[in-house]
Amino acid sequence: MKLGLVVEGGGMKCAYGAAILDRMLDLKINPDYAIGVSAGSANLASFLAGQRERNLRFYERHMHDKAYFGPISFAKTGSLFNLDFIYSTLSNSDGRDPLDFDAIKRNPSEFKMVATEAQSGLPHYFTKDELYQDDYTCIKASCALPVVCKPIEIDKKQYFDGGVSDAIPVQKALDDGCDKLIVILSKPRSYEKKPEGMKAVYTKLLKKYPQIIIALDNRHIMYKKCFSETFELEKEGKALVFAMSREMKMSTYSMDEFNNLKLYAMGLSDFEAKKDELLSFIKE
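The rules behind the values
All residue numbers here refer to positions counted from 1 along the written sequence of the relevant chain. Selection of residues for local features in this predicted model requires a pLDDT of at least 70, selection of side-chain atom pairs for listing and counting requires 80 or more, and totals for whole chains, interfaces and linings are taken over all residues. Note that the side-chain values use all heavy atoms of the structure and ignore hydrogens as well as water. Only runs of H or I of at least four residues qualify as helices and only runs of E of at least two qualify as strands under DSSP, and these elements are numbered from the N terminus. A radius of gyration in this sense is built from C-alpha atoms; the matching globule rule multiplies 2.2 Å by the number of residues raised to 0.38. Note on contacts: a residue pair is in contact if any heavy atoms of the two residues lie within 4.5 Å. Calculation of accessible area relied on Shrake-Rupley with a 1.4 Å probe; when residues are assessed, cover is drawn exclusively from the protein chains displayed. For the purpose of counting charges, residues Lys and Arg are taken to be positive, whereas Asp and Glu are taken to be negative. His and the chain ends are not included. Charge coordinates come from a single atom per side chain, which is NZ of Lys, CZ of Arg, CG of Asp or CD of Glu. Under the convention used throughout, the expected extent of a helix is 1.5 Å for every residue step, that is, one less than its residue count. For this analysis, a nonpolar core means a set of buried residues of the types Ala, Val, Leu, Ile, Met, Phe, Trp, Tyr and Cys, connected via side-chain atoms within 4.5 Å. The cut-offs for exposure are 20% and 50% of the maximum accessible area for each residue type, with area from a 1.4 Å probe on protein chains only; residues under the lower value are buried, those over the upper are exposed, and the others partly exposed. Angles here are taken between N-to-C directions and fall from 0 to 180 degrees, while the axes themselves are lines fitted to C-alpha atoms, restricted in helices to the stretch in contact. Here the word oblique covers every angle except those under 35 degrees (roughly parallel), over 145 (roughly antiparallel) and from 65 to 115 (roughly perpendicular). Each crossing is labelled by how the near helix is turned from the far one, with a counterclockwise turn of less than a right angle marking it left-handed and a clockwise turn marking it right-handed. Following the grouping adopted for this structure description, the nonpolar residues are Ala, Val, Leu, Ile, Met, Phe, Trp, Tyr, Cys and Pro, the charged ones are Asp, Glu, Lys and Arg, and the polar ones are all others, Gly among them. Pairing of aromatic rings covers Phe, Tyr and Trp, the last through its six-membered ring, and needs centres within 6.5 Å; plane angles under 30 degrees mean stacked, over 60 mean edge-to-face, and all others mean tilted. Contacts described as polar in this section are N or O atom pairs within 3.5 Å, which, within protein, must combine one atom able to donate a hydrogen with one able to accept it, while residues neighboring in sequence count only if both atoms come from side chains. Each pair of strands is called paired provided DSSP finds at least two bridges between the two strands.

### Side note on the overall build of the chain
So, step 1. In terms of helices and strands, the chain carries 12 helices and 8 strands.
So, step 2. Taken over C-alpha atoms, the radius of gyration comes to 17 Å for the chain, in line with the 19 Å a tight globule of 284 residues would show.
So, step 3. Overall, the chain is about 50 × 40 × 35 Å in size when its C-alpha atoms are taken along their principal axes.
So, step 4. Taking as baseline every contact in the chain between residues at least 6 positions apart, the subset at least 24 positions apart corresponds to 73%.
So, step 5. About 12,500 Å² of surface is accessible on the chain, with carbon and sulfur atoms providing 52% of the total.
So, step 6. Taking the average location of the 40 positive side-chain charges in the chain and that of its 40 negative ones, the two points are 4 Å from each other.

### Re helix α11 (residues 219–235)
So, step 1. The end-to-end C-alpha separation of α11 is 24 Å, in line with the 24 Å expected for 17 residues at 1.5 Å each.
So, step 2. Lining the buried residues of α11 we find α8 (170–175), β7 (180–188), α10 (210–217) and β8 (239–244).

### What about the nonpolar core?
So, step 1. Residues Leu5, Met24, Ile139, Ile182 and Phe242 are the most contacted members of the largest nonpolar core, which totals 67 residues.
So, step 2. A total of 7 residues in this core trace back to one element, the largest contributor, which is helix α1 (residues 15–26).
So, step 3. By size, the runner-up hydrophobic cluster in this structure holds 22 residues, among which are Val6, Ile168, Cys178 and Ala243.

### Describing the packing of α1 against helix α12 (residues 257–283)
So, step 1. At a minimum axis distance of 7 Å, the contact between α1 and α12 shows a crossing angle of 45 degrees. By the angle class used here, α1 and α12 are oblique. Judged by the sense of rotation from one axis to the other, the crossing of α1 with α12 is right-handed. Residue-level inspection shows Ala15, Tyr16, Ala18, Ala19, Ile20, Asp22, Arg23 and Met24 of α1 in contact with α12, the latter providing Asn260, Leu263, Tyr264, Met266, Gly267, Leu268, Asp270, Phe271, Glu272 and Lys275.
So, step 2. Classifying every residue of the contact of α1 with α12 gives 11 nonpolar, 2 polar and 5 charged.

### With respect to the packing of aromatic side chains
The geometry of an aromatic ring pair is captured by the separation of the ring centres together with the interplanar angle, meaning the angle of the planes.
So, step 1. Evaluation of the coordinates by the stated rule reveals 12 aromatic pairs.
So, step 2. Seen in terms of ring centroids, tyrosine 68 and phenylalanine 81 are 6.5 Å apart; in terms of plane orientation they differ by 70 degrees. Their pairing is edge-to-face. Of the two residues, tyrosine 68 sits in the loop between α3 (54–60) and α4 (71–77) while phenylalanine 81 sits in the loop between α4 and α5 (83–89), which places them 13 residues apart along the sequence.
So, step 3. In this structure tyrosine 68 comes out as buried when scored by relative accessible area, which is 5%.
So, step 4. Centroid distance phenylalanine 69 to phenylalanine 81: 4.6 Å. Interplanar angle 55 degrees. Geometry classified as tilted. Of the two residues, phenylalanine 69 sits in the loop between α3 and α4 while phenylalanine 81 sits in the loop between α4 and α5, which places them 12 residues apart along the sequence.
So, step 5. What makes phenylalanine 69 partly exposed here is its relative accessible area of 22%.
So, step 6. Grouped by ring-pair contacts, the aromatic residues Tyr68, Phe69, Phe81 and Tyr253 constitute a single cluster.

### What about helix α2 (residues 39–48)?
In an α-helix, one turn spans 3.6 residues; hence positions three or four apart end up facing the same way.
So, step 1. Counting buried positions along α2 gives 10 out of 10 residues, so the element sits mostly inside the fold.
So, step 2. Buried within α2 are the following residues: Ala39, Gly40, Ser41, Ala42, Asn43, Leu44, Ala45, Ser46, Phe47 and Leu48.
So, step 3. Immediately beyond the C-terminal end of α2, within one or two residues, lies glycine 50, with a positive phi of roughly 75 degrees.

### So, the environment of serine 109
So, step 1. Mapped onto the elements, serine 109 comes out in the loop between α6 (101–106) and β3 (110–117).
So, step 2. Of the residues examined, serine 109 reaches a relative accessible area of 2% and is grouped as buried.
So, step 3. A sequence separation of 118 residues divides serine 109 from phenylalanine 227, and the C-alpha atoms of the two residues are 25 Å apart.
So, step 4. Excluding its chain neighbours within four sequence positions, the residues that come into contact with serine 109 are Asn30, Pro31, Asp32, Leu48 and Lys128.
So, step 5. There is a polar contact of 3.2 Å between the side chain of serine 109 and the side chain of asparagine 30.

### Considering the pairing of strand β6 (residues 157–161)
Each regular strand carries side chains that alternate between the two faces of the sheet.
So, step 1. With 3 bridges connecting them, β3 and β6 associate as antiparallel partners. Paired with threonine 116 across the strands is phenylalanine 160, a residue of β6.
So, step 2. As paired strands, strand β5 (residues 152–154) and β6 are joined by 3 bridges and run antiparallel to one another. Note that in β6 the partner of isoleucine 152 across the bridge is tyrosine 159.

### Considering unusual backbone geometry
So, step 1. In the Ramachandran plot, lysine 28 falls in the positive-phi region, its phi being about 55 degrees despite a non-glycine side chain.
So, step 2. Position of lysine 28 relative to the elements: it lies in the loop between α1 and β2 (33–37).
So, step 3. Lysine 28 sits in the exposed class, given a relative accessible area of 72%.
So, step 4. Within the chain, aspartate 155 stands out as a residue other than glycine whose phi angle is a positive 50 degrees.
So, step 5. Secondary-structure assignment places aspartate 155 in the loop between β5 and β6.

Now the structure itself:
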C-alpha cells in the first residue's frame, strides 16, 4: 500500500494543519508520498524534516517581524508576504529558524509542491529533487498568491500559488500511485467556496496574466470539485480527512497570534478525536 498525505493551503489558517503534522511526527507516521499547496507545502517541508513545532513558530512568533507581511514588505519587495524573508532569511542554514534540508533529503517520502504556471494557468508539480540547500524557490512559487505576491520565476517561467489551479490535489496523489490518502484541510466540512471578490482589482493588476484571471474567475468551481472529490474518497474508504471541527472567522492573511494558537489547539484536539481511526486506517 502506498500511503499519501495531501495538505491544503490557506495562509495563516494552516496553523490548524501544523498541529496535525506535529502529532503525526509524535506517532512516527511517515507517508510514502506527500503533496502540499501553498502554506501546506511549507508545512510539509518542516514535517518531512522532522522539525516539530517549527511551523508553529511561523504562525506564533516570526509573523510579528515587520519584514514578514505588510506595508514594509510591500515597499521593499512589491509583495505583502515577503516570501524571501520567510523562506530564505529565516529558513536558510544561517537563518534564525533553519529548515533541516539534509533531513528532508534523507526522508524516503516523495514530496511534491503545487504551483500554478502564470502563462497557462495550469498546475505544475515541483518535486523534492528541485529543492536545494538554501534554495527553496519551489516553496515560494507554491505560496505566491496572485496580487498579494509577485510571481516567482524558475527556469525562465513564472509561477503563482498552487491553490489557484489545484487546491486539494487528491487526484494528483492518486495518479501518482497512492492507494490511501490522509488529507489535511484548512476549512471545516461545511465550507462553501464563493466566487473571488474584487474581480475588477485582480483583473486590472493581473492583465499580463490572462489565464490567471480566468483561473481566479473559476476558482470556486475548481475548489468545489476538489472538495467533493476529497469527501467522496472518504466515503469509499480511500481517504481519512482532517477538517476543522468548528468554523473560525479569520482571514487567510490574519496576523493574529491568539487566533493562530486557537487553530493550532483545535488541530491537536481534532487529531486526538481521530487518532485511533487514523491508526486503523493506516494499518488496514
